[in-house]
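Residue-level listing of the chains:
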Amino acid sequence: MRTRLFHTEEDYKKLGLKRDVTELWEDGRRNTGKPGTWELWYFDAIMDDGTKLGMIFYDKHVGNIERDVTPCCSINITLPDGSLYTDQFEYSAEEGKYDNDRCNVVIGPHSFVGDLKNYEIEIKPIHGIGAKIKMESLSSPWRAETSHIGFGEHDENFMAWFCVVPRGKVEGEIMVNGKTIPVSGFGYHDHQWGNLHVMLTNNHWIWIRQSVNDHVVLVYDFVAAKNYGYERYPLFFIQDGKGNLLFQNTSSENVKMEILEEYDQKDTGKTCPKKFRYTFEKEGKKAVYTITNLREIEVIDNYKTLDSQSKKFFDGLGLKPSYVRWEAIGELEFHDGNTWVNGKSNLIYEMMYNATEYRKFVE
């Protein structure tokens, strides 16, 4: 079966999108909510004191998309000492609200509201863990063409990723076990939706976002599953401190990835990248981006949670779904003849790792 990035004029027209222009409604409700579809609004931040915060709002959890709309949200707080606090909530369909013309998501008492520039995100501390955040974008929204990747001979399935706020100034507070802690730092927001289970679409993906000397760097390196021919979409862009686009890539022809060091992840039993380097070259511009792991933040072995029938299904596809999120150091070197960027800083990156191995598909 084939897969492709929707990029033609017909694709833009069908989706109601404008090339190189993003509009307020694009961060509103984009899917129907019917069984077989899913949608989420994602936020994370690295605070000045080293705290890491993540919040996700779903119309239904991506692990169970055959349900009707079942609003849920989750929060993940990692304190500077490495201690992890998480909570998640699920509500009835009537307790979820999603506007079509802008981002206005309300799930029970929790909310994710914004207008591409300013956002307010709050998860109430019902069990002692929560956050109340304001974020002002210091960047520009970015799409890889239409943001849609199609799957199937007739594009009958798709998944979409819209990078709404690559970099934003964050202020607010987190609540941990009843204690309120003021925080400030830099955050990120994207919007994702589709009509195919994410565990069936990809062999793996690596997602990285970082601020380097007021510049924004983002990688979404997607490798499709075996039945889609391992097609690769190494999506990548750099913006300057004013949100101007310096470099972007959507083609596998312009990238080289080198695995410099690996390690065996003990919970999943899989080999994971520990240090690796991307080199993007295009139209006289070159970006060299090196990632070095510091430590794991979160590990989810999705395969172990499946029942025996589901495991047999995934075994037939050669898949063992898992997810790992790390704290790392990223070092960027970029030049285009006029602009030179050279710096490094902390970052968060993740690997959705559905296959039993990844290495041969990325070099």
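Look a little higher up for the structure.
To start, this report covers the structure provided alongside it. What you see is a predicted model, and the numbers here were worked out from it, not measured in a lab.

**Things to note about the overall build of the protein chain**
So, step 1. Summing up its helical and strand segments, the protein chain has 3 helices and 22 strands in all.
So, step 2. By the compact-globule yardstick of 21 Å for 363 residues, the protein chain fits well, its C-alpha radius of gyration being 19 Å.
So, step 3. Taken along the three principal axes of its C-alpha coordinates, the protein chain extends 50 × 45 × 45 Å.
So, step 4. A burial count over the protein chain gives 56% of its 363 residues as buried.
So, step 5. Nonlocal contacts in the protein chain, meaning residues at least 24 apart in sequence, comprise 60% of its contacts between residues at least 6 apart.
So, step 6. For the protein chain, the computed accessible surface area is about 15,300 Å², with 47% contributed by carbon and sulfur atoms.

**Points about the sheet that holds strand β19 (residues 271–282)**
So, step 1. Spatially, β17-β16-β15-β14-β22-β21-β20-β19-β18 is the arrangement adopted by the 9 strands of the open sheet, whose pairing is antiparallel. Looking at which strands have only one partner, the edges of the open sheet turn out to be β17 (245–249) and β18 (255–264). Taken over all neighbouring pairs, the strand axes of this sheet differ in orientation by 15° on average, direction set aside.

**Things to note about the pattern of salt bridges**
So, step 1. According to the stated counting rule, one finds 21 salt bridges in the structure shown.
So, step 2. A salt bridge links K256 to E258, with the shortest nitrogen-to-oxygen separation between them at 4.0 Å.
So, step 3. Taking the shortest distance from any N to any O, the salt bridge between R295 and E327 comes out at 3.1 Å. One end of the pair, R295, is in strand β20 (residues 285–300); the other, E327, is in strand β21 (residues 319–335), with 32 residues separating them in the sequence.
So, step 4. Using a relative accessible area of 29% as the deciding quantity, one classes R295 as partly exposed.

**Some remarks on the packing of aromatic side chains**
The geometry of an aromatic ring pair is captured by the separation of the ring centres together with the interplanar angle, meaning the angle of the planes.
So, step 1. Evaluation of the coordinates by the stated rule reveals 25 aromatic pairs.
So, step 2. Ring centres of Y220 and F222 lie 6.2 Å apart, and the angle between their planes is 70°; on these two criteria the pair is classed as edge-to-face. The pair Y220 / F222 is uniform in exposure class, with both members buried.
So, step 3. Ring geometry for F236 against Y289: centres 6.5 Å apart, planes inclined by 45°, an arrangement best described as tilted. Here the residue F236 occupies a position in strand β16 (residues 232–239), and Y289 occupies one in strand β20, the gap between them amounting to 53 residues. Like Y289, F236 is buried.

**With respect to the side chain of K52**
So, step 1. Looking at where K52 falls in the secondary structure, it is placed in strand β3 (residues 52–58).
So, step 2. Within polar-contact distance, the side chain of K52 engages the side chain of E327 at 3.1 Å.

**A word on the nonpolar core**
So, step 1. By size, the foremost hydrophobic cluster in this structure holds 37 residues, and its most contacted members are F43, L53, M55, F112, Y119 and I133.
So, step 2. Excluding residues that lie within four positions of it along the chain, I133 makes contacts with F43, M47, L53, M55, Y119, E120, I121, V170, E171, G172, E173 and V183.
So, step 3. Ranked by size, the runner-up nonpolar core spans 33 residues in total, among them Y58, I65, Y228 and M352.

**Some remarks on the pairing of β21**
So, step 1. Of all 17 residues that make up β21, 12 are buried, and the element is covered over most of its length.
So, step 2. Of the strand pairs in this sheet, β20 and β21 are connected by 13 bridges, and their pairing is antiparallel. Paired with E298 across the two strands is R325, which belongs to β21.
So, step 3. In this sheet, strand β22 (residues 340–355) lies alongside β21 in antiparallel orientation, the contact comprising 15 bridges. Of the residues in β22, the one forming a bridge with G330 is S345.

**A short note on the layout of surface pockets**
So, step 1. If you add up the space inside the largest pocket, you get close to 1,300 Å³.
So, step 2. In this structure, the largest pocket is lined by 48 residues; those nearest its centre are Y58, H61, V62, I300 and N302.
So, step 3. Considered class by class, the residues forming the lining of the largest pocket number 26 nonpolar, 15 polar and 7 charged.
So, step 4. What the second largest pocket holds in volume is close to 380 Å³.
So, step 5. Elements represented by at least two residues in the lining of the second largest pocket include exactly β11 (142–151) and β17.
So, step 6. It is β11 that provides the largest number of residues to the lining of the second largest pocket, a total of 4 residues.
So, step 7. Tallied by class, residues from the lining of the second largest pocket come to 6 nonpolar, 9 polar and 5 charged.

**Brief notes about empty space enclosed by the protein**
So, step 1. In the structure shown here, the tally under the stated rule is 1 cavity of 30 Å³ or more.
So, step 2. In this structure, the largest cavity encloses a volume near 50 Å³.
So, step 3. As for the largest cavity, its lining consists of L5, A144, S147, I149, M159, A160, W161, Y220 and L235.
So, step 4. The set of elements that each furnish at least two residues to the lining of the largest cavity consists of β11 and β12 (157–176).
So, step 5. Residues that form the lining of the largest cavity fall into these classes: 8 nonpolar, 1 polar and no charged.

**Re the side chain of D44**
So, step 1. The topology assignment puts D44 in strand β2 (residues 38–47).
So, step 2. With relative accessibility at 0%, the residue D44 sits in the buried group.
So, step 3. Those residues in contact with D44 that lie beyond four places of it in its chain are L53, G54, G187, Y188, W207 and R209.

Thresholds applied
- Residues numbered from 1 in each chain as written.
- Predicted model: local features only at pLDDT ≥ 70, side-chain atom pairs only at ≥ 80, totals over all residues.
- Heavy atoms only, no water.
- Helix = DSSP H or I, 4+ residues; strand = E, 2+ residues; numbered from the N terminus.
- Rg over C-alpha atoms; globule rule 2.2 N^0.38 Å.
- Buried < 20%, exposed > 50% of the residue type's maximum accessible area, 1.4 Å probe, protein only.
- Contact = heavy atoms within 4.5 Å.
- Areas by Shrake-Rupley, 256 points an atom, 1.4 Å probe, with all protein chains shown as cover.
- Pairing = 2+ DSSP bridges.
- Axes fitted to C-alpha atoms, helices over the stretch in contact; angles between N-to-C directions.
- Salt bridge = Lys/Arg side-chain N within 4 Å of Asp/Glu carboxyl O.
- Phe/Tyr/Trp six-rings, centres within 6.5 Å; stacked < 30°, edge-to-face > 60°.
- Polar contact = N/O pair within 3.5 Å; in protein donor to acceptor, adjacent residues only side chain to side chain.
- Core = buried A, V, L, I, M, F, W, Y, C linked by side-chain atoms within 4.5 Å.
- 1 Å grid on protein atoms, 1.4 Å probe; cavity = no way out; pocket = protein on both sides within 12 Å on 5 of 7 lines; lining within 4 Å.
- Points joined across faces, edges and corners; volume = space filled by probe spheres on them.
- Nonpolar A, V, L, I, M, F, W, Y, C, P; charged D, E, K, R; others polar.

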